[in-house]
Amino acid sequence: MESKPVEISSSKLFEGYNKRYKHFSPTLGCSTTFSIYFPPSQSSSHKSPVLYWLSGLTCTDENFIIKSGAQRAASQEGIALIAPDTSPRGLNVEGEADSWDFGVGAGFYLNATHEKWKNWRMYDYVVKELPQILSENFPELDTSRASISGHSMGGHGALTIYLKNLDKYKSVSAFAPIANPTNCPWGQKAFTNYLGENKAEWEEYDATHLVAKVHDLSATILIDQGEDDKFLHDQLLPWNFAEACKKVNAPLLLRLQPGYDHSYFFIATFIDDHISHHAQALKL
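All of the points below concern the structure found in this document. Predicted model only: the values in this text are computed from it and were never measured. (Residues numbered from 1 in each chain as written. Predicted model: local features only at pLDDT ≥ 70, side-chain atom pairs only at ≥ 80, totals over all residues. Heavy atoms only, no water.)

This brings us to the sheet that holds strand S7 (residues 173–175). The three strands are arranged S7-S8-S9 in an open sheet whose pairing can be described as parallel. Two strands lie at the open edges of the sheet, namely S7 and strand S9 (252–257), each paired on one side alone. With strand direction ignored, the average angle separating the axes of adjacent strands in the sheet is 10°. Two strands pair when backbone bridges link them, and S7 and strand S8 (residues 221–226) are joined in this way by three bridges, in the parallel orientation. (Pairing = 2+ DSSP bridges. Helix = DSSP H or I, 4+ residues; strand = E, 2+ residues; numbered from the N terminus. Axes fitted to C-alpha atoms, helices over the stretch in contact; angles between N-to-C directions.)

And the structure:
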């Protein structure tokens, strides 16, 4: 099984290249894919900083790359975009595809402790394995300069991974994140099945609980949230996260966008602001 990434597609746009790769992941115990947008190279020795993008429920590594339009701003800023998949695939675990909000396409960026779901280790894949693969195989990338962003479940992933690894990421942003998963149906379903009934373990993957423990945040957290998002009031709960940030003076810019929903149309509208947000942090 090939652990070294193999290129499976390539397309030029905005003078850079979208490339998709497949490799065997020891962390996940299966083959997986990831996509990279390489901005145009300034020189043969130049290394681009990286922005990891974590996608939401039902998505693959391709949704953001195809739908967001982020490459235009990434090309201009010289930032590489890295998009992993959202879960292991092809393991044929009983029940893995029974519902759209759990199992395949719904890894929740945690390390599952329940034996049945032991391969669902997207946290370790994103934080440990993927950066190592990038640094070992793509000399044009500077993985020491990294930021992280995401949407919905991926916004949850971006916030929690950032808050648990402030030494690894220069900045974070999110679109419509699941900001307090211990208190919403999506999070409760995922955490119960992946982690069991111990609520203390749940809180280790809940941005609202994690930010309460952090007292030295300097980079502003950027969140965009559509006011017409049908999941806003029962699943996303950004105000709970905002209140937790306020209590510890964590810098948060929560922008409520009138008329916008939960879709990639919303993401495409504001993605340039997020690329700019990360560019400022990555070029320090």
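Here the largest pocket is characterised by a volume of approximately 250 Å³. Forming the boundary of the largest pocket are 14 residues, of which Leu 57, Thr 58, Cys 59, His 151 and His 262 lie nearest the centre. Across the lining of the largest pocket, the residue classes tally to six nonpolar, seven polar and one charged. Volume-wise, the second largest pocket comes out at about 160 Å³. Together, Glu 15, Gly 16, Tyr 17, Phe 38, Pro 39, Pro 40, Ser 41, Ser 43, His 46, Ser 48, Glu 140 and Leu 141 line the second largest pocket. (1 Å grid on protein atoms, 1.4 Å probe; cavity = no way out; pocket = protein on both sides within 12 Å on 5 of 7 lines; lining within 4 Å. Points joined across faces, edges and corners; volume = space filled by probe spheres on them. Nonpolar A, V, L, I, M, F, W, Y, C, P; charged D, E, K, R; others polar.)

Burial runs high along strand S2 (residues 16–25): eight of the 10 residues are buried. Two elements, strand S1 (residues 6–13) and S2, share seven bridges in a ladder whose sense is antiparallel. When the bridges of S2 are listed, Ser 10 appears paired with Lys 19. Taken together, S1 and the strand that follows it, S2, pair antiparallel across an intervening segment of two residues, in which Phe 14 is found at a positive phi of about 50°. In this sheet, strand S3 (residues 30–38) lies alongside S2 in antiparallel orientation, the contact comprising nine bridges. Residue Ser 25 lies in a different strand from S3, and its bridge partner there is Cys 30. Counting the residues that bridge the hairpin from S2 to S3 gives four residues, and of these Gly 29 lies at a positive phi of roughly 70°. (Buried < 20%, exposed > 50% of the residue type's maximum accessible area, 1.4 Å probe, protein only.)

Read from one edge of the open sheet, six strands run S1-S2-S3-S5-S4-S6, paired in mixed fashion. Across the chains shown, the open sheet's two edge strands, defined by having one partner strand only, are S1 and strand S6 (141–150). This sheet shows a mean twist of 25° between the axes of neighbouring strands, independent of strand direction. On the sheet, helix H4 (residues 153–164) packs against strand S4 (48–54) and S6 and is oriented at approximately 130° with respect to S6. (Contact = heavy atoms within 4.5 Å.)

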